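Single-letter residue listing:
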Amino acid sequence: MNSRSEETRKSKILAALEDQDTSVSVDDPLENSMVLNMGPQHPATHGVLRLLVKLDGETVIAAVPELGYLHRGYEKLAENMTYHEFIPHTDRLDYLSPISNNVAFAMAVEKLAGVELPPRAQYIRVLCCEMARIASHLVATGSMAMDVGALTVLLWTFREREKILDVYDVLCGARFTTSYTRIGGMSTDWTPQCTTMLEAFLAEFDKDVTEIEQLLRTNRIFIDRCEGVGYLSRDQIVGLGLTGPVLRAAGVPRDLRRDNPYLVYNDLDFNVVTATESDALARFYVRIAEMRESAKILRQALEKLPAGPFRADEPKRVLPEKGRTYTKMEELIYDFMLINIGVDPPVGEVYSAIESSKGELGFYIVSDGTGQPWRMKIRSPSMTNLQALPYMVKGGMISDIVAIIGSLDPVMGEADK
Amino acid sequence: MTNDEIVAALKAAHPDSVVQVTDFRGDLAVTVRKSDIVKVATSVRDIPSLAFDLVIDVLGVDFNRPGDRFEVVYILYSTTHKRHLRLKVAVEEEHPAVPSVTSVWPGANWHERETFDMFGIRFEGHPDMRRLYMPEEFEYYPLRKDFPLLGIPDSLPLPRR
Amino acid sequence: MALEKLQQDGFLTTRLDEVINWARKNSLWPMPMGISCCAIEMMATASPRFDISRFGSEVMRFTPRQCDVMIVAGTVTYKMAKVVRKIYDQMPDPKWVISMGACASSGGMFRSYSVVQGIDQFVPVDVFVAGCPPRPEALLNALITLQHKIENDRTLGKLFHGEQIHIPESSLS
């Protein structure tokens, strides 16, 4: 018993908590503070995030998050496997929108190897990314509302999400962790059945989102719990390096789809949603508006989807079509070399990023000319967004912590890599 | 704002800090001297034609070569000019240390902690130099090339059944 | 099977056993140890389409003191193992563990320095579910398998006659 408390007292994270600047003025100071551990297993922490909170009564004086409870060693694993073998691992990063991670990784390797995609593959990737964005925002808004107390919203958003997962099921065979992209294209083609299902979904989507929003728009309890909570000024947010809906809710119209367009976002017409209040309520509404914009993009992309090949035709870099692999000799050899030895990239380093539903998801690849990367760094938006947590919760109450974590929308699989 | 303009502006501000410039697949990467990194970072943020105010990432690379074994890479973004930039710094193997840029961009805080956790590169002037992912008592640096993928047995404790 | 049981245990304890086991298996409140991607499929199982509360798991209480079965969903790292074990110890008897997904059962696709290769190294597991992540139907199948296992549990029989649990192969399908 004695040694446990010794261990706790000498713990570095507790020292970090004590060291923090505690100049927060409270109305009625109790003159003694308490350290509360919102442990890794907690209903409202969106995964395994540990938060040590120093409290004076109900007011939060300081907070220190601790990560690492889901650190699976992705970057070390990537150094030991070929680029194709790493694709299923990228699914498990931001596990609310797995296809966008696949697309980000494939784009980074294609930039490194210099592979050009056919237009049909680019449109299919845009369709998948926007569906993933809608699915992820549905879970984010649902769980934020559930954490604040409105349980019905979560059940309704999950009902919508099931329709998207059904489309994925027909498209790639898995509802969730899809591993759909390949270097140079996609694994299977977009079928007319997927178009029918997606059109049926889109026909009712706007009405459903409006229904979900009506539950909360004038709800006095929801507004009181989220308005003004977790406010950070625009300069602080930019200084901390936050990206995604959190940055846009602070008034900075930064969206990689508009500023540094990738795939075919140049040809599609959509708005970048911003707000100015930079609190939890603003972020919630930014996400809901972004879902509507994504639906707009999906309708345009479905109309413009061209016919053609869905994989680039570069035998030394891109896996050949399965039918030809089983019947022709050259394709069999290329398939064998690509699976065993890997894509043949030049020596060099690239960084490539997409705008995922959480922020800027980037891959930095250092290649030494072999089929396995020398170093792969995953720039995860959730880890950077969580940096702002200690600044946002200072001065608020314990129950605000839950609303703030919900509005930041961290996914620990990505934050812990 | 092309790559050449950025390099010219940097060289005008700090003529002897820039060691090497590479341009691969459209990405600009500028290697600077380790001792000047804070000065270069401040001017990269403050000069209006550069204005790189968003720190995207700070990471380490282990090249496993004699001489400067490690490299620390800073990936930056400018919200006004809408482009990325990479700054690189070479770090030696014995007692690797780099001055911290948290005074320039507060967002580099956790990225530098992660680089310390994975590679053992210390950042001087960092307010809170602790491990980020591995437990505090862990003695090794996982992403170095001499650490095995499967780990070292008994380096992490497991509860009894 | 019933004839065999009549000869081995007392008649009263087996009848009471059946009632107690029926009550236990139809009200298994899960403790969702949702760690990573499998947690999202677990949430989907609780959502209106797959509806785990049809099978008695009405509420997912996040406090271990009120739960019967712990569903470990996701990759367990060495840092997290201590926490999982602590939560398992805090659950009152009788308790069961469902190991959901490939990562919890055997380390999954992560063969690396920080991932525990299977939670059965530190907690006793009753049902393993394969899949990455397992579909919600697979999780429901696991719950039903666990219910079959509880059905054949000799609760009072163990207490009074001190015998081991024996699950006949025929009832597990």
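Residues numbered from 1 in each chain as written. Chains lettered and ligands numbered in written order. Predicted model: local features only at pLDDT ≥ 70, side-chain atom pairs only at ≥ 80, totals over all residues.

*Asks:* Any chance you could explain the overall build of chain A here in plain terms?
*Replies:* The helix and strand inventory of chain A stands at 19 helices and 8 strands. In terms of overall size, chain A behaves like a compact globule, its C-alpha atoms giving a radius of gyration of 23 Å where 417 residues would be expected to give roughly 22 Å. In terms of overall dimensions, chain A has C-alpha extents of about 80 × 50 × 35 Å along its principal axes. Within chain A, contacts between residues separated by at least 24 positions form 72% of all contacts whose residues are at least 6 apart in sequence. (Helix = DSSP H or I, 4+ residues; strand = E, 2+ residues; numbered from the N terminus. Rg over C-alpha atoms; globule rule 2.2 N^0.38 Å. Contact = placed C-beta atoms within 7 Å.)

*Asks:* Can you walk me through the overall build of chain C in this structure?
*Replies:* Summing up its helical and strand segments, chain C has 7 helices and 4 strands in all. For chain C, the sequential pattern of α-helices and β-strands runs α-α-β-α-β-α-β-α-β-α-α. Within chain C, buried positions represent 42% of all 173 residues. Across chain C, contacts joining residues at least 24 apart in sequence account for 77% of those joining residues at least 6 apart. (Buried ≥ 20, exposed ≤ 12 C-beta atoms within 10 Å, placed from the backbone.)

*Asks:* What exactly am I supposed to notice about the interface of chain B and chain C here?
*Replies:* Listed as interface residues are 10 residues of chain B and, on the opposing side, 14 residues of chain C. A breakdown of the residues in the side of chain B that touches chain C according to their chemical character gives 7 nonpolar, 1 polar and 2 charged. (Nonpolar A, V, L, I, M, F, W, Y, C, P; charged D, E, K, R; others polar.)

*Asks:* Sorry, what's going on with unusual backbone geometry here?
*Replies:* Negative phi values dominate among residues other than glycine, just as trans dominates among peptide bonds. With an omega of -10°, the peptide bond between D93 of chain C and P94 of chain C qualifies as cis. With respect to the secondary-structure elements, P94 of chain C resides in the loop between α4 (78-90) and β3 (96-100). A cis geometry characterises the amide bond from C132 of chain C onward to P133 of chain C, with omega recorded as -10°. Examined against the element boundaries, P133 of chain C turns out to sit in the loop between β4 (127-129) and α6 (136-151). Positive phi values are uncommon outside glycine, yet S278 of chain A reaches one of about 60°. With respect to the helices and strands, S278 of chain A occurs in the loop between α12 (256-259) and α13 (280-304).

*Asks:* How should I be thinking about the packing of helix α5 (residues 98-113) of chain A against helix α6 (residues 119-148) of chain A in this particular structure?
*Replies:* Packed helix pairs are characterised by how far apart their axes lie and by the angle those axes make with each other. Residue and element names in this part refer to chain A. Their axes nearest at 7 Å, the elements α5 and α6 cross at an angle of 140°. In terms of orientation, α5 and α6 fall into the oblique class. Where α5 crosses over α6, the two elements pack in a sense that is left-handed. Across from P98, I99, S100 and V103 in α5, the residues of α6 making contact are R125, C128, C129, A132 and R133. For the contact of α5 with α6, a count of residues per class yields 6 nonpolar, 1 polar and 2 charged. (Axes fitted to C-alpha atoms, helices over the stretch in contact; angles between N-to-C directions. Parallel < 35°, antiparallel > 145°, perpendicular 65-115°, else oblique. Left-handed = near helix turned anticlockwise from the far one by under 90°.)

*Asks:* How do you make sense of α6 of chain A when you look at a structure like this?
*Replies:* Residues spaced three or four apart along an α-helix face the same direction, because each turn holds 3.6 residues. All names here are of chain A. Taking 1.5 Å as the rise per residue, α6 with 30 residues should run 44 Å; its terminal C-alpha atoms sit 44 Å apart, in good agreement. Summarising burial for α6: 27 of the 30 residues are buried, a large majority. In the segment just after α6, G149 is the residue with positive phi, at about 135°. (Expected span 1.5 Å × (residues − 1).)

*Asks:* Sorry, what's going on with α4 of chain C here?
*Replies:* Residue and element names in this part refer to chain C. The terminal C-alpha atoms of α4 lie 19 Å apart, and with 13 residues this matches the ideal 18 Å at 1.5 Å per residue to within 8%. Taken as a whole, α4 has its buried residues at Y78, K79, M80, A81, V83, V84, I87 and Y88. For α4, the secondary structure elements touched by its buried residues are β1 (30-34) and β2 (69-73).

*Asks:* I tried to follow the nonpolar core on my own but got confused; where do I start?
*Replies:* Grouped burial of nonpolar side chains is what soluble globular proteins tend to show. Judged by nonpolar contacts, the single largest core of 214 residues is most densely connected at L76 of chain B together with V72 and V84 of chain C. Sorting elements by how many residues they give to this core places α6 of chain A first, with 17 residues. In this view, V84 of chain C contacts M33, V72, V76, I119 and V123 of chain C; residues no more than four positions away in its chain are not counted. (Core = buried A, V, L, I, M, F, W, Y, C linked by C-beta atoms within 7 Å.)

*Asks:* Whenever I open this one, the pairing of strand β1 (residues 18-24) of chain B confuses me. Can you help?
*Replies:* In regular strands, side chains alternate between the two faces of the sheet. All names here are of chain B. Relative to strand β2 (residues 27-32), β1 is paired through 6 bridges, and the arrangement is antiparallel. Bridging across to β2, V18 finds its partner in V32. If you look at the hairpin formed by β1 and β2, you'll find 2 residues sitting between the two strands, and R25 has a positive phi there, around 55°. (Pairing = 2+ DSSP bridges.)

*Asks:* Please clarify how the environment of P315 of chain A should be interpreted in this entry.
*Replies:* All names here are of chain A. Mapping P315 onto the fold places it in the loop between α13 and α14 (322-327). Note on P315: 16 C-beta atoms within 10 Å, which makes it partly exposed. Sequence separation between P315 and E85 is 230 residues; the distance between their C-alpha atoms is 18 Å. Discounting chain neighbours no more than four positions away, the residues touching P315 are P320 and Y334.

*Asks:* Is there a simple way to explain the interface of chain A and chain B in this structure?
*Replies:* The parts lose accessible area when they come together, and the size of an interface is often stated as this lost area. The partner chain B presents 30 residues to the 34 residues of chain A that form the contact. Mapped by element, the contributors of at least two residues to the side of chain A that touches chain B are α2 (12-19), α3 (74-78), α10 (234-240), β6 (347-355), β7 (360-368), β8 (375-379) and α16 (381-386) of chain A. Broken down by class, the residue content of the side of chain A that touches chain B amounts to 10 nonpolar, 12 polar and 12 charged.

*Asks:* Quick question: what am I supposed to make of the pairing of β2 of chain B here?
*Replies:* One ladder, built from 4 bridges, connects β2 of chain B with strand β5 (residues 83-91) of chain B; its direction is parallel. Bridge pairing in β5 of chain B links T31 of chain B to K88 of chain B.

*Asks:* In this structure, what is going on with the sheet that holds β4 of chain C? I would like to understand it.
*Replies:* One key point about sheets: their strands pair by backbone hydrogen bonds, in either a parallel or an antiparallel sense. Residue and element names in this part refer to chain C. Strand order in the open sheet formed by 4 strands is β1-β2-β3-β4, and the pairing between neighbours is parallel. Both edges of this open sheet fall to β1 and β4, since each of them pairs with a single strand only. On average, each strand axis in the sheet is tilted by 15° relative to the strand beside it, whichever way the strands run. As defined by bridge partners, β2 adjoins β3 across 5 bridges and the pair is classed as parallel. The partner of M70 across the bridge, within β3, is V97.

*Asks:* I tried to follow the sheet that holds strand β4 (residues 70-78) of chain B on my own but got confused; where do I start?
*Replies:* Residue and element names in this part refer to chain B. Strand order in the open sheet formed by 5 strands is β1-β2-β5-β4-β3, and the pairing between neighbours is mixed. Lying at the two open borders of the sheet, with one neighbouring strand each, are β1 and β3 (54-62). Strand after strand, the sheet turns through a mean of 20° between neighbouring axes, direction not considered. This element, helix α3 (residues 108-119), spans β3 and β4 of the sheet and lies at about 10° to β3.

*Asks:* Is there a simple way to explain the confidence of the model for chain C in this structure?
*Replies:* Residues shown with low pLDDT carry predicted positions that ought not to be read at fine detail. Per-residue confidence for chain C averages 84 on the pLDDT scale, and 84% of its residues sit at or above 70. As a predicted assembly, this complex carries a pTM of 0.89 together with an ipTM value of 0.93. (pLDDT = per-residue confidence, 0-100.)

*Asks:* Where do I start with the environment of H81 of chain B in this structure?
*Replies:* Residues and elements named next belong to chain B. Tracing the backbone shows H81 in the loop between β4 and β5. With 16 C-beta atoms counted inside 10 Å, the residue H81 sits in the partly exposed group. What H81 contacts, discounting residues up to four positions off in sequence, is M1 and A51.

*Asks:* Would you mind showing me how to read the packing of helix α3 (residues 37-46) of chain C against α6 of chain C here?
*Replies:* All names here are of chain C. Packing of α3 against α6 leaves a shortest axis separation of 9 Å and a crossing angle of 75°. Our classification of the angle between α3 and α6 gives roughly perpendicular. Residues E41, M42, A44 and T45 of α3 touch α6, and the partners they reach there are P136, L139 and L140. Class assignment for the residues of the contact of α3 with α6 results in 5 nonpolar, 1 polar and 1 charged.

*Asks:* So what exactly am I meant to see when it comes to the environment of R317 of chain A here?
*Replies:* Residues and elements named next belong to chain A. Looking at where R317 falls in the secondary structure, it is placed in the loop between α13 and α14. C-alpha separation for the pair R317 and E110, spaced 207 residues apart in sequence, amounts to 9.2 Å. If we skip the residues at most four places from it in the chain, R317 touches A113, V115, I183, G184, V343 and D344.

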